[in-house]
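Notes for the structure review
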Amino acid sequence: MSLLDKREDTSAEPLSGSQLMIEALKRNGVKEIFGYPGGAIMPLYDALVGSGLKHYLTRHEQGASLAADAYGRVTRRAGVCMATSGPGATNLVTGIANAYMDSVPMVAITGQVASSLIGTDAFQEVDIFGITLPVVKHSFVVRDVSEIPEIMDEAFRIAESGRPGPVLVDFPKDVSVAMHSPSPVTRHPSPAPQPVDEAAIAAANELLTKARRPLVIAGGGIAISDAVDAFREFVERTGLPVTATLKSLGSLPTDHERFLGMLGMHGNEAANHAVQNCDLLMVIGGRFDDRVTGKLTHFAPTAQVIHMDIDPAEVSKLRKPDVAIVGDLAPALAKLGPDEPPRASWINQCEAWKKEFAWRYDAPGEGIYAPKLLRDMSRMRDDLVIACDVGQHQMWVAQHCRFNDPLEHLTSGGLGTMGYGLPAAMGAKVAKPEKKVVAVCGDGSFMMNVQELATLNRYGIDVRILLLNNAMLGMVRQWQELFFEGNYSEVDLSDNPDFARVAEAFGIGSKTIDKPGEVGGGLEWLLADDDQGPRLLHVQIDPMENVWPLVPPGQANHKMMGNRS
Amino acid sequence: MNTVSAVSNVTAGPRPDVHHLQLQLRAVEGAVVRVLGLVERRGFRLLACEAEEVRDGGQPLSLRVRSERSPELLKRQLERLHDVLQVELKHPGVRHHA
Ligand SMILES: Cc1ncc(C[n+]2csc(CCOP(=O)(O)OP(=O)(O)O)c2C)c(N)n1
Ligand SMILES: [Mg+2]
């Protein structure tokens with residue numbers, strides 16, 4: 001029971017700002033926090049002791065904010081991270097921006113120098129409020145101790161409502177030690193849901209009924225708004241073919257008969273051909289990202305567009321829709337659908353593409369073929385959550401892993417943050433201990449948050465790490481090969497440390513494999529249900545392997561380069 | 001539909017890429033910089049900006065901006081900010097020349 005609940009009136013005994021902050025976190029349902037202490041935030045760390053909140057000390061503040069991001073994704077409640085002023089706060093920024101770009105609920109608390117020192121270039125003073133303005137949904141500086149309960153309730157409400165996002169709360173040291181007798185917190189009722197726009201629904205249904213070649217793009221908003229069930233019901237009822245963005249993989253099970261795969265730069269050719277040839281595109285909770293559309297003016301050139309999103313600022317930002325349905329996805333989806341099922345000729349065409357461009361795993365070469373390894377791994381178990389880093393391996397995960405739910409795939413879509421995988425897996429495992437969580441890391445990315453191995457070890461967070469080591473910044477190398485005439489510049493990582501020994505040094509068990517025959521055993525070991533805790537499977541792969549297919553930057557999506565082209 | 005015949009001639013009438021926005025903000029820390037930052041980041045050049053005296057806890061702010069981008073989209077992006085209470089897009093009222 002929290003201190004505040006016990007109080008009846010304003011004559012309650014005074015609490016410090018830090019105690020009030022802890023109470024506010026608890027009142028908002030927080031159980032776990034990722035953070036790192038320091039001077040300006042010491043009073044809050046003092047109040048943390050014995051508070052009942054579980055704090056995970058990461059080994060870099062970026063680890064804390066990225067872990068909080070993943071925690072927020074899988075729980076759909078704000079993940080919480082905290083850090084001290086100055087460098088602690090700036091180290092959080094990448095994770096905050098990551099959450100902003102992918103619409104993830106987060107509350108980030110930063111210590112700040114005392115109010116009287118703000119603006120004097122005091123020790124460890126930075127204007128983190130100013131630094132983060134463009135990458136937060138909202139932010140506060142707590143100027144008075146009496147504001148804490150209301151600001152914090154507001155912070156959580158803003159972070160979690162509508163299109164979610166990160167909220168920063170900057171907490172000056174003097175405010176964190178000031179005493180205050182709080183009045184009982186009045187909880188504002190959440191606003192009534194907006195009614196569905198019936199006129200837009202009717203217009204959309206007319207387009208759906210008239211369309212000869214309708215196609216759905218499932219976007220990240222489906223998972224964010226908890227509309228997966230409504231979306232699946234919609235697809236079953238209408239029989240429309242579906243493609244998905246990176247963030248929506250799993251909205252429809254990967255093996256679903258109507259699913260054509262991911263579209264876009266590294267999408268499946270079937271999906272891209274369907275988009276380029278459809279006459280009606282229904283975009284559900286997506287935002288026409290350039291990695292999805294390729295050259296915008298050539299994207300789905302013959303299609304009318306229905307765009308569904310809760311954020312009115314996404315409508316007509318990049319592509320003007322014929323019908324926009326602004327609001328919560330699930331209730332709108334329940335009212336949408338054509339009068340007739342899609343024409344057999346279109347479905348047959350989609351199926352033909354799907355067959356023609358199905359992934360192949362008969363790659364030549366002696367070494368381990370990462371796409372096949374990933375495909376095999378994701379088919380070994382039904383309960384995998386895969387968090388990945390950024391690069392070629394990230395695209396291979398998206399292409400070749402099977403997902404039954406979008407929350408099984410944690411990927412840095414909008415920001416493309418190398419180093420996301422390990423802390424994200426950590427945050428997801430803390431939030432969902434019953435899941436088997438795998439971090440699929442690149443050798444370059446892994447080194448960006450390698451210090452979090454210490455966090456896994458300290459708390460026994462049972463994350464399984466699959467490190468795909470091509471001794472290369474592979475994705476950059478691939479672009480240099482294809483678009484810079486093979487002029488390789490600063491992509492060689494052949495002097496990587498011995499990753500297996502690195503893991504061992506952190507107390508994490510490891511194995512190294514480099515032959516196809518070792519893959520089965522390696523994966524069994526990696527995913528085993530035992531109590532040996534976190535572990536790392538280090539896989540050496542061909543440095544020159546590329547991700548296919550690929551839409552060259554600035555090209556139309558059907559101009560895909562493949563390994564056969 | 002407005003037809004602007006003398007786009008390049010500023011004296012002949014308002015330019016179609018210049019827009020006037022009247023905002024009402026919450027009078028709280030950061031509200032004005034948040035708005036100005038967004039306007040520039042979203043591709044609008046700030047031509048004029050006037051923040052009037054705060055009254056009833058509200059901060060009136062008037063902006064003149066220039067961009068090829070859609071002012072309606074800018075309006076929606078501004079409305080998304082938590083401290084923005086209201087945005088009015090004043091149409092330039094293009095004069096028609098005989
Ligand atoms: C923090 C950060 N810095 C730089 C980049 C640019 N970048 C994108 S992919 C990539 C290479 C990633 O290498 P690795 O993690 O080894 O993955 P691989 O492509 O080899 O699978 C780089 C440098 C980025 N996305 N993020
Ligand atoms: Mg690599």
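Residues numbered from 1 in each chain as written. Chains lettered and ligands numbered in written order. Predicted model: local features only at pLDDT ≥ 70, side-chain atom pairs only at ≥ 80, totals over all residues. Heavy atoms only, no water.

Right, let's talk about the overall build of chain A for a bit. Along the backbone of chain A there are 23 helices and 20 strands. Expected size for 565 residues packed as a compact globule is a radius of gyration near 24 Å; at 24 Å, chain A falls within 12% of this value. Counting only C-alpha atoms, chain A reaches 75 × 60 × 45 Å along its principal axes. Accessible area for chain A stands at about 22,100 Å²; split by element, carbon and sulfur atoms hold 51% of it. Separation between the mean location of the 52 positive side-chain charges and that of the 70 negative ones in chain A comes to 4 Å. (Helix = DSSP H or I, 4+ residues; strand = E, 2+ residues; numbered from the N terminus. Rg over C-alpha atoms; globule rule 2.2 N^0.38 Å. Areas by Shrake-Rupley, 256 points an atom, 1.4 Å probe, with all protein chains shown as cover. Lys, Arg positive; Asp, Glu negative; His and termini not counted. Charge placed at Lys NZ, Arg CZ, Asp CG, Glu CD.)

Another point: the site of ligand 1. Residues and elements named next belong to chain A. In the neighbourhood of ligand 1, 17 residues make up the surrounding shell, with Gln392, His393, Asp443, Ser445 and Gly474 lying closest. Contact between ligand 1 and Asn470: an oxygen atom at 2.9 Å from a side-chain N or O atom of the residue. Taken by itself ligand 1 offers 580 Å² of open surface, and the protein chains cover 76% of this. For the shell around ligand 1, the secondary structure elements donating two or more residues are α17 (392-400), α19 (443-446) and α21 (474-483). (Near = heavy atom within 4 Å. Polar contact = N/O pair within 3.5 Å; in protein donor to acceptor, adjacent residues only side chain to side chain.)

Below, the discussion takes up the coordination of the magnesium ion (ligand 2). Ideal donor angles around a metal are set by the shape: a four-donor tetrahedron calls for 109.5 degrees, a six-donor octahedron for 90 or 180 degrees. Residues and elements named next belong to chain A. At 2.0 to 2.2 Å from the magnesium ion (ligand 2) lie its protein donor atoms, namely Asp443 (OD), Asn470 (OD1) and Met472 (O). All donors of the magnesium ion (ligand 2) belong to a single chain; written as a sequence motif, their spacing is D-x26-N-x1-M. Grouping residues by exposure puts Asn470 and Met472 together as buried. (Donors = N, O, S within 2.8 Å, 3.2 Å for Na, K, Ca; no water. Buried < 20%, exposed > 50% of the residue type's maximum accessible area, 1.4 Å probe, protein only.)

Another aspect to go through is the interface of chain B and chain A. A common way to state how big an interface is: give the accessible area lost once the parts meet. Each side of the interface is counted separately: chain B has 12 residues, and chain A has 20 residues. Looking at the side of chain B facing chain A, the largest losses of area belong to Glu29, Arg34 and His82 of chain B, adding up to 46% of the total buried there. Here Arg143 of chain A ties to Glu29 of chain B by a salt bridge, and the two come within 2.6 Å at their closest N and O atoms. At the surface where chain B touches chain A, the tally comes to six residue pairs in polar contact (both at pLDDT 80 or more). Residues that form the side of chain B that touches chain A fall into these classes: two nonpolar, three polar and seven charged. (Contact = heavy atoms within 4.5 Å. Buried area = accessible area lost by both parts, 1.4 Å probe. Salt bridge = Lys/Arg side-chain N within 4 Å of Asp/Glu carboxyl O. Nonpolar A, V, L, I, M, F, W, Y, C, P; charged D, E, K, R; others polar.)

Take the nonpolar core next. It is characteristic of soluble globular proteins that their nonpolar side chains tend to be buried jointly. Residues and elements named next belong to chain A. One finds Met377 and Leu466 to be the most contacted residues of the largest nonpolar core, which totals 61 residues. With five residues, the single largest contributor to this core is helix α9 (residues 198-210). Excluding residues within four positions of it along the chain, Leu466 makes contact with Leu373, Leu374, Met377, Val438, Ala439, Val440, Cys441, Leu526, Leu537 and Val539. In terms of nonpolar packing, the next biggest core, distinct from the first, is built from 51 residues, Ile128, Leu168, Phe446 and Val463 among them. (Core = buried A, V, L, I, M, F, W, Y, C linked by side-chain atoms within 4.5 Å.)

Glancing now at the sheet that holds strand β11 (residues 259-262) of chain A. All names here are of chain A. Taking strand neighbours across the sheet as the criterion, the six strands line up as β11-β10-β9-β12-β13-β14 in an open arrangement whose pairing is parallel. The open sheet has two edge strands, β11 and β14 (323-326), and neither has a second partner. When the angles between neighbouring strand axes are averaged without regard to direction, this sheet yields 15°. Strand direction decides the pairing type here: strand β12 (residues 280-284) and strand β13 (residues 304-309), joined by five bridges, are parallel. Across the sheet, Val283 pairs through a bridge with His307, a residue of β13. Sheet strands touched by α9: β12, β13 and β14. Its angle to β14, the strand with the most contacts, is close to 135°. (Pairing = 2+ DSSP bridges. Axes fitted to C-alpha atoms, helices over the stretch in contact; angles between N-to-C directions.)

Attention now goes to the domain arrangement of chain A. Residues and elements named next belong to chain A. Domain annotation of chain A identifies domain 1 (3-180), domain 2 (198-356) and domain 3 (370-540). When each unit is reduced to the centre of its C-alpha atoms, the spacing between domain 1 and domain 3 is 30 Å. In this assembly, 25 residues from domain 1 lie in contact with 27 residues from domain 3. Of the roughly 2,100 Å² buried between domain 1 and domain 3, counting both surfaces, carbon and sulfur atoms make up 65%. Among the residues domain 1 hides against domain 3, the three largest losses belong to Tyr56, Arg59 and Val74. Together they make up 28% of the total. (Domains from an automatic or database assignment.)

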